[in-house]
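The residues making up each chain are set out below.
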Amino acid sequence: MAERTQPMTTDTIEQTQPPLDDLLSDQAVNDPRTYFKRLRDADPVYWNERWNGWVVTSYAEVAAGYRDYERLSSDRFRGPFARDILASRSAYAGLIEFMTKWMFTSDRPYHTHLRSLVNKAFTPSTVEVLRPRVRELVRSLAAPLAGQERVNFLADFAFPLPVIVIAEYLGLPPESRDEVKAWSDDLGAVIFVQGNNANRFAVAEQAMNNLVGLIRPIVRARAIQPRQDLISAMVHTEVDGDRFTEEEIVANAVLMVFAGHDTTMNLLANGIVAFSAFPDQWDRLGRDPGLARTATEEILRYDGPIKALARWAKEPFELGGKHIAQNDRVLLVMHAANHDPAFFDRPDLLDVARWPNRHLEFGQGIHTCLGAPLARLEAQETFAHLAATFGTVQVLTKDLSYDPTVVSRSPKHLEVGLQQR
Amino acid sequence: MNADRPAQPRAVVDRDLCAGVGQCAAIAPGAFRIGDDGLAVAVEPGGLDAFSASGASSAEEIAEAADSCPMAAITIVPADVSR
């Protein structure tokens, strides 16, 4: 309705707009900025009949939703998201049992137990010690890109960097890298609920079994002989007499493998795409590596790896003037909040010096991305080094297209041209 | 209320960085709490008296809370520059 109140150049533009209720339309998937602007203009807390829930696109309400973790639940084993999972429980008991031990999908107080035991492993001061190693990896992966006409940025840079970093940090063997990638992608089908994949539980369970088969022997070995790695830390950490069980360590190591590489890969890729559209900002960063931190925050805001995450209401409450009923599904769209002109000045412009930059890309509240400091570190080192080395970056893939998911912002292919300075 | 005491170290929350994760309030509940807007605040307005006698957290707990912040949003301001 609100669309009609906006100036339209021609009627045909309006007619060609896909329905607002289609979260997986070509526009929603490949041009989310335009799609979510339409949604925010129509209604920032919008009832989506097709998704059967609220889609929240304004900054204030998305922030409030993430911070309201007592009423907006992440629990996938109760409430309206549980039906699918519980229906699969008998067939995929092992998979479901592991997922109940993820901090990502649990509420307080169990979430507090899981998170407090690993929180210190991901604080900025802890991950800072990884910076020299990350820098070395960035340089060694970037070196062969020079002189290539078409760089396959996903396969040759954005995938290997984060998977090597998280595998080394956890203490996984380096030769497991490609298997870990394949299994993580399969697991993502359950986490990110890809459309048209009826078989996703079967595929995910196989992937989970494979990852568990890799990780469990390492957990047991580190219990006897600890090393300087995160699995050892999880085995031996104790907070106020509280410890992890073996099942919890294995389940959360799997979660970290998955969450540690896929999202970071997409952050790096989306950054390259954004810089290709704003060559002056790339040049500016290349000349002033001191901008690496603010530039990374700006990429997170402008086109981060996660578009939205879903919650459900444990009790009724008001959000943006709407009555949210108990058990209602609520989609908090950080991609939209990060482009809300009510909060950000000229939100559709990329400004590598933007500060303050209170984007919501990592969420807010108790579920705020655990790996945020590590993702930031990898992105800072990547963008600073590539911009200093290559004077221009250009997307060569024609009709860039993205995986059809509501949650992640993940380009299918990304070929780029890099010109040395 | 602190006029009769020497300047003390204080903890300050940078609300441009805070994401309301709540680790500080869990580790040093006498020093930090999550405010009505969902972000952390130091319990005493204008920063925190780390050695306040009124049941506040110890200096060690406050330092631990600052070090545990995933957003590096907490700064301990040493006594000698708190003026």
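Residues numbered from 1 in each chain as written. Chains lettered and ligands numbered in written order. Predicted model: local features only at pLDDT ≥ 70, side-chain atom pairs only at ≥ 80, totals over all residues. Heavy atoms only, no water.

### Focus: helix α18 (residues 292-303) of chain A
Residue and element names in this part refer to chain A.
Part 1 of the argument: Compared with the 16 Å implied by 1.5 Å per residue over 12 residues, the 16 Å span of α18 between its first and last C-alpha is a close match.
Part 2 of the argument: Counting buried residues in α18 gives 11 out of 12 residues, a clear majority hidden from the surface.
Part 3 of the argument: The complete set of buried residues in α18 reads Ala292, Thr294, Ala295, Thr296, Glu297, Glu298, Ile299, Leu300, Arg301, Tyr302 and Asp303. (Helix = DSSP H or I, 4+ residues; strand = E, 2+ residues; numbered from the N terminus. Expected span 1.5 Å × (residues − 1). Buried < 20%, exposed > 50% of the residue type's maximum accessible area, 1.4 Å probe, protein only.)

### Concerning the sheet that holds strand β8 (residues 329-332) of chain A
Residues and elements named next belong to chain A.
Part 1 of the argument: Ordered by their spatial adjacency, 5 strands build an open sheet running β1-β2-β8-β5-β3, and the pairing between neighbours is mixed. Each edge of the open sheet is held by one strand with a lone partner, namely β1 (45-48) and β3 (72-73).
Part 2 of the argument: Both β1 and strand β2 (residues 53-56) contribute to a ladder of 4 bridges, which runs antiparallel. Bridge pairing links Tyr46 to Val55 in β2.
Part 3 of the argument: Each of β1, β2, β3, β5 (309-313) and β8 touches helix α5 (residues 59-67); the most contacted strand, β8, lies at about 120° to it. (Pairing = 2+ DSSP bridges. Contact = heavy atoms within 4.5 Å. Axes fitted to C-alpha atoms, helices over the stretch in contact; angles between N-to-C directions.)

### Quick look at the packing of helix α10 (residues 131-142) of chain A against helix α20 (residues 372-389) of chain A
Residues and elements named next belong to chain A.
Part 1 of the argument: Where α10 contacts α20, the two axes come as close as 9 Å, and the packing angle between them is 40°. Taken as axis vectors, α10 and α20 run oblique relative to one another. The way α10 lies across α20 gives a crossing that is right-handed. Judged by residue contacts, Arg131, Val134, Arg135, Val138, Arg139 and Ala142 of α10 engage Leu377, Glu378, Gln380, Glu381, Thr382, His385 and Leu386 from α20.
Part 2 of the argument: Looking at the contact of α10 with α20 residue by residue, the classes come out as 5 nonpolar, 3 polar and 5 charged. (Parallel < 35°, antiparallel > 145°, perpendicular 65-115°, else oblique. Left-handed = near helix turned anticlockwise from the far one by under 90°. Nonpolar A, V, L, I, M, F, W, Y, C, P; charged D, E, K, R; others polar.)

### A few points about the interface of chain B and chain A
Part 1 of the argument: Listed as interface residues are 18 residues of chain B and, on the opposing side, 19 residues of chain A.
Part 2 of the argument: Joining chain B to chain A, the criterion identifies 2 salt bridges.
Part 3 of the argument: Measuring nitrogen to oxygen at the nearest pair gives 3.5 Å for the salt bridge that ties Lys120 of chain A to Glu64 of chain B.
Part 4 of the argument: Our count for the chain B to chain A interface comes out at 5 residue pairs in polar contact (both at pLDDT 80 or more).
Part 5 of the argument: By residue class, the composition of the side of chain B that touches chain A is 9 nonpolar, 4 polar and 5 charged. (Salt bridge = Lys/Arg side-chain N within 4 Å of Asp/Glu carboxyl O. Polar contact = N/O pair within 3.5 Å; in protein donor to acceptor, adjacent residues only side chain to side chain.)

### Points about the sheet that holds strand β9 (residues 390-395) of chain A
Residues and elements named next belong to chain A.
Part 1 of the argument: The strand order across the open sheet formed by 3 strands is β4-β10-β9, and the pairing between neighbours is antiparallel. The two strands at the open ends of the sheet, each matched to only one other strand, are β4 (151-152) and β9.
Part 2 of the argument: Relative to strand β10 (residues 415-420), β9 runs antiparallel, the two sharing 5 bridges. Directly across from Thr392, in β10, lies its bridge partner Gln419.

### Let's talk about the packing of aromatic side chains
Residue and element names in this part refer to chain A.
Part 1 of the argument: Overall, the coordinates contain 11 aromatic pairs over all chains when judged by the stated rule.
Part 2 of the argument: An angle of 10° between the planes, with centres 5.4 Å apart, marks the rings of Phe153 and Phe157 as stacked. Of this pair, Phe153 and Phe157 both sit in helix α11 (residues 153-158), 4 residues apart, which is roughly one turn of that helix. The burial state of Phe153 is the same as that of Phe157; both residues are buried.
Part 3 of the argument: Measuring from ring centre to ring centre gives 5.0 Å for Phe343 and Phe344, while their planes differ by 75°; the resulting arrangement is edge-to-face.
Part 4 of the argument: The class for Phe343 is partly exposed, based on a relative accessible area of 37%.
Part 5 of the argument: By relative accessible area, which is 4% here, Phe344 ends up buried.
Part 6 of the argument: A connected cluster of aromatic rings, assembled from ring pairs, spans Tyr59, Phe343 and Phe344.
Part 7 of the argument: Taking the ring centre of Phe344 as reference, the NZ or CZ of Arg301 above it sits at 5.2 Å.
Part 8 of the argument: The aromatic ring of Tyr402 is capped on one face by Arg409, whose charged end is 3.6 Å from the ring centroid. (Phe/Tyr/Trp six-rings, centres within 6.5 Å; stacked < 30°, edge-to-face > 60°. Lys NZ or Arg CZ within 6 Å of the ring centre and 35° of its normal.)

### Looking at the environment of Glu70 of chain A
Residue and element names in this part refer to chain A.
Part 1 of the argument: Tracing the backbone shows Glu70 in the loop between α5 and β3.
Part 2 of the argument: Owing to a relative accessible area of 41%, Glu70 belongs among the partly exposed residues under this scheme.
Part 3 of the argument: Between the C-alpha atom of Glu70 and that of Leu23, which follows or precedes it by 47 residues, the distance is 27 Å.
Part 4 of the argument: When neighbours within four sequence positions are excluded, Glu70 is seen to be in contact with Arg108 and Lys314.
Part 5 of the argument: A polar atom in the side chain of Glu70 sits 3.2 Å from the side chain of Arg108.

### Observations concerning the confidence of the model for chain B
When pLDDT drops low, the exact placement of atoms in the prediction is not to be read closely.
All names here are of chain B.
Part 1 of the argument: Overall, the prediction assigns chain B a mean pLDDT of 77, with 67% of residues at 70 or greater.
Part 2 of the argument: Element-level pLDDT for chain B is lowest in strand β1 (residues 10-13), with a mean of 84, against a maximum mean of 91 in helix α1 (residues 23-27).
Part 3 of the argument: Counting interchain partners and residues more than four positions distant, the pLDDT-below-50 stretch residues 1-6 has 4 contacts.
Part 4 of the argument: The low-confidence segment residues 49-54 (pLDDT under 50) makes 15 contacts with residues lying over four places distant or belonging to another chain.
Part 5 of the argument: Note on the complex model: pTM 0.91, ipTM 0.86. (pLDDT = per-residue confidence, 0-100.)

### A closer look at the environment of Arg409 of chain A
Residue and element names in this part refer to chain A.
Part 1 of the argument: Here Arg409 lies in the loop between β9 and β10.
Part 2 of the argument: For the pair Arg409 and Thr263, spaced 146 residues apart in the sequence, the C-alpha separation amounts to 8.6 Å.
Part 3 of the argument: What Arg409 contacts, discounting residues up to four positions off in sequence, is Val29, Asn30, Pro32, Asn266, Asn270, Asp303, Gly304, Pro305, Lys307 and Tyr402.
Part 4 of the argument: In terms of polar contacts, Arg409 uses its side chain to reach the backbone carbonyl oxygen of Val29, at 3.2 Å.

### Some remarks on the side chain of Ser73 of chain A
Part 1 of the argument: The residue Ser73 of chain A is located in strand β3 in this model.
Part 2 of the argument: The residues contacting Ser73 of chain A, other than those within four sequence positions of it, are Asp107, Arg311, Trp312 and Lys314 of chain A.

### Re the state of the cysteines
Part 1 of the argument: If you walk through the whole model with that rule in mind, you get 0 disulfides over all chains.
Part 2 of the argument: Summary of cysteine pairing: Cys369 of chain A is not part of a disulfide, and the nearest cysteine sulfur, belonging to Cys69 of chain B, is at 14 Å.
Part 3 of the argument: No disulfide involves Cys69 of chain B; its sulfur sits 6.6 Å from the nearest other cysteine sulfur, which is in Cys18 of chain B.
Part 4 of the argument: With relative accessibility at 12%, the residue Cys69 of chain B sits in the buried group. (Disulfide = S-S within 2.5 Å.)

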